[in-house]
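Below, each chain spelled out in residue letters.
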Amino acid sequence: MSRPTNLERVTIPGAWLRTAAGAGLVGPDGSVGATIFAEMSALAARTGAINLGQGFPDTDGPPEVLEAARQAIADGVNQYPPGRGMPVLREAIARHQQRFYGLAVDPDTDVLVTAGATEALAATLLALVEPGDEVLTFEPYYDSYAAIVALAGARLVTVPLEWPAFAPDPDRIRAAFSARTRLVLVNDPHNPTGSVLDRGTRELIVELATRHDALIVTDEVYEHLRFGTPHEPIATLPGAAERTITISSGGKTFSTTGWKIGWLHARADLVTAILSVKQFLTYVNGAPFQPAIAVGLDLPDAFYARIAADLGAGRDILIAGLRRAGLTVSVPEGSYFVVADAAPLGATDAAAFCRDLATTAGVVGIPVSAFTATPGAYAGLVRFAFCKRPDVLREAAGRLSSLSA
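Predicted, not measured: the structure shown is a model, and the values here were computed from it.

Q: Describe in detail the sheet that holds strand β10 (residues 337-341), supporting the description with residues and values.
A: Sheet architecture is open: four strands sit in the order β9-β10-β13-β12, paired in antiparallel fashion. Whereas interior strands pair on both sides, the edge strands pair on one side only; in this sheet they are β9 (328-330) and β12 (366-367). When β9 meets β10, the two strands line up antiparallel, connected through three bridges. Residue pairing in the sheet places T328 in a bridge with D341 of β10. The sheet contacts of helix α11 (residues 301-324) involve β9, β10 and β13 (381-385), and relative to β10 the element is tilted by about 10 degrees. Packed onto the sheet, helix α12 (residues 350-360) meets β12 and β13 and runs at close to 45 degrees relative to β13.

Q: Account for unusual backbone geometry, naming residues and giving values.
A: Backbone geometry follows two general trends: most residues other than glycine have a negative phi, and most peptide bonds adopt the trans configuration. Here the bond from D188 into P189 is cis, since omega is -5 degrees, no more than 30 degrees from zero. Position of P189 relative to the elements: it lies in the loop between β5 (181-187) and α8 (199-211). Despite not being glycine, S335 shows a phi value in the positive range, around 70 degrees. Following the sequence through the fold, S335 ends up in the loop between β9 and β10. Residue classification places S335 among the buried positions, given a relative accessible area of 0%.

Q: Could you give me a rundown of the nonpolar core, with the residues and numbers involved?
A: Taken as a class, soluble globular proteins show a tendency for nonpolar side chains to be buried jointly. Counting 100 residues, the largest nonpolar core has I245, L297, L322 and F384 as the members making the most contacts within it. Discounting residues that sit within four places of it in the chain, L297 has contacts with L89, A92, I93, H96, R99, F254, W263 and Y304. Grouped together as the second largest cluster of nonpolar side chains are 26 residues, L136, L161, V186 and L381 included.

Q: Would you mind going over the packing of helix α3 (residues 63-74) against helix α10 (residues 289-297) in detail, with residue names and values included?
A: With their axes 8 Å apart at the nearest point, α3 and α10 run at an angle of 150 degrees to one another. Classified by the angle their axes make, α3 and α10 are roughly antiparallel. Here the hand of the crossing between α3 and α10 comes out right-handed. In this structure, α3 uses E64, V65, A68, A69 and A72 to contact α10, whose residues at the interface are F289, P291, A292, V295 and G296. Across the contact of α3 with α10, the residue classes break down as eight nonpolar, one polar and one charged.

Q: If you had to explain the UniProt feature "domain: Aminotransferase class I/classII large" (unreviewed entry) in the protein to someone new, which residues and values would you point to?
A: Under the feature "domain: Aminotransferase class I/classII large" (unreviewed entry), the UniProt entry names residues 49-400. This span, residues 49-400, is 38% helix and 17% strand, and a straight line between its end C-alpha atoms measures 11 Å.

Q: How would you sum up the pattern of salt bridges? Please name residues and give values.
A: Pairing between side chains becomes possible if they bear opposite charge and their charged atoms approach one another. One pass over the structure, following the stated rule, counts 19 salt bridges. Its salt-bridge partner being D108, residue R90 comes within 3.6 Å of it at the nearest N-O pair. Remark: D108 occurs in the loop between α4 (87-101) and β2 (111-115) and R90 occurs in helix α4; sequence separation between them is 18 residues. When the shortest N-O distance is used, the salt bridge between D171 and R174 registers 2.9 Å. Note that D171 and R174 are positioned in helix α7 (residues 170-176) at a spacing of three residues, about one turn of the helix. With relative accessibility at 52%, the residue D171 sits in the exposed group. For R174, a relative accessible area of 42% puts it in the partly exposed group. Here the salt bridges share partners, and the residues they tie into one network are R199, R202, E203 and E232.

Here is what the cut-offs are and how they apply
Residues numbered from 1 in each chain as written. Predicted model: local features only at pLDDT ≥ 70, side-chain atom pairs only at ≥ 80, totals over all residues. Heavy atoms only, no water. Pairing = 2+ DSSP bridges. Helix = DSSP H or I, 4+ residues; strand = E, 2+ residues; numbered from the N terminus. Contact = heavy atoms within 4.5 Å. Axes fitted to C-alpha atoms, helices over the stretch in contact; angles between N-to-C directions. Buried < 20%, exposed > 50% of the residue type's maximum accessible area, 1.4 Å probe, protein only. Core = buried A, V, L, I, M, F, W, Y, C linked by side-chain atoms within 4.5 Å. Parallel < 35°, antiparallel > 145°, perpendicular 65-115°, else oblique. Left-handed = near helix turned anticlockwise from the far one by under 90°. Nonpolar A, V, L, I, M, F, W, Y, C, P; charged D, E, K, R; others polar. UniProt positions renumbered as here; feature names shortened; annotations may be inferred. Salt bridge = Lys/Arg side-chain N within 4 Å of Asp/Glu carboxyl O.

Right under this line is the structure:
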């Protein structure tokens, strides 16, 4: 019997449909629309506006890393790598965690290479969360979080990060935990706000997760993009390592977002459980890019200091332009995003403001409402990416300044 080809017979799982509809990805009639990120990038291309919406760098990564990928391709590293990832990368990840954070990680049992951090998150939640469980995270949140939680059949519980400090209220964190809390999902440094968690908040998360026997999953892809104090993973806190799955990637650190080389590390039994799901998602990926990212992870300290300093300089250029435009700015401590409030310019709908901004100032941003299930709380807030060349940021800052007129 042949398989049916009538697309009207295809159904979308209810949990995913509800999440997709809430995010504006599926219309009332079941039609699939573009995300706000795709919409704004297309708007920038159509109008000639500077695209500070989607978070991708406009420069290539370190020459040593790029050359290592070219050499790997020339050397025939073009077939399936091992399911856990190539040993050269797993060993580099273990060295990196020891070098920067003092974490002892066994590269053979505690590390898994993934297709970016997004796959690491998806495989982790699908492996470790059951229908009816609760997953706690901070809101606004990276847009894939709600979708993955829905696919796992779990319930998303959020703690708000309130403008302008974007620091969570400890009492709200305590109230968000329940007997059904299975997992706490922490993005630090945070996208979209650029905030970082202080030690007291991280210790509270560990305390509550321990009390409720919950797992902690950390999304640390911006770990080296910090301004001021260095990053401290939750896994370094007393009692945290045994219940924490630490996730990161090379895309942000080495300006190779298109390579999609991510990883996670955790205790061995958790990694094995996650691998049991991951092998049926992408199976494996990026063979020639894995040894190249390994080269990057072993770059000297001067490289890591330089990327943070350069990014901080770009942040300051953009913030100056936003302030001259009359917007109120929350100064980020990490990531490569800054959030500004357009309310002083009369904006009450950030999505409409962003669409108009492409023509009024020739710059594109992303409404923070795209990262939340409660958009009203962030109605006038806009996220701008400053992972661009200084000349591009200066031009964008100049264009934004025109708004004050």
